[in-house]
Amino acid sequence: MTQTANLLSIYVDNSREIYLVTESLVNSLAKKMRKGATISRERLAGSSTMRRIMSMGARMVADNEGERVTAEDRREVAALHADYILEFAEYI
């Protein structure tokens, strides 16, 4: 993982604004999973909500660190965040 991807991951994991979006997504997925739906990591990582989360994080990295987040960094962090979301949704 690159330094920029690490920064993006830190902002995604620790930002209040992003946490609120993530929490909403977790609750929605937990409800779907209780009804028997299976959610794939790849589909979640490419969803519009995840793109929004990555965009918010990338904007924070650019504003606070002055570094540009690449598309590859966004995909890598989105996959990690999708794993976190799916794991969290299973336990709700």
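Here Thr4 lies in helix H1 (residues 3-14). If we ignore the near neighbours within four places in the chain, the residues touching Thr4 are Glu67, Arg68, Val69 and Asp73.

Glancing now at the packing of H1 against helix H4 (residues 48-65). In the contact formed by H1 and H4, the axes pass within 9 Å of each other and the chain directions differ by 115 degrees. The pairing of H1 with H4 is recorded here as roughly perpendicular in orientation. Judged by the twist between their axes, the crossing of H1 over H4 is right-handed. The segment H1 lies against H4, with Leu7, Leu8, Tyr11 and Val12 engaging Ile53, Met54, Gly57, Ala58, Met60, Val61, Asn64 and Glu65.

Bringing the packing of aromatic side chains into the picture now. Summed over the entire model, instances satisfying the criterion amount to one aromatic pair. Taking 6.0 Å as the distance between ring centres and 10 degrees as the angle between the ring planes, the aromatic pair formed by Tyr84 and Phe88 counts as stacked. In this pair, Tyr84 and Phe88 are both assigned in helix H5 (residues 71-90), four residues apart and thus about one turn of the helix distant. You can call Phe88 partly exposed: its relative accessible area is 34%.

Calculation rules
- Residues numbered from 1 in each chain as written.
- Predicted model: local features only at pLDDT ≥ 70, side-chain atom pairs only at ≥ 80, totals over all residues.
- Heavy atoms only, no water.
- Helix = DSSP H or I, 4+ residues; strand = E, 2+ residues; numbered from the N terminus.
- Contact = heavy atoms within 4.5 Å.
- Axes fitted to C-alpha atoms, helices over the stretch in contact; angles between N-to-C directions.
- Parallel < 35°, antiparallel > 145°, perpendicular 65-115°, else oblique.
- Left-handed = near helix turned anticlockwise from the far one by under 90°.
- Phe/Tyr/Trp six-rings, centres within 6.5 Å; stacked < 30°, edge-to-face > 60°.
- Buried < 20%, exposed > 50% of the residue type's maximum accessible area, 1.4 Å probe, protein only.

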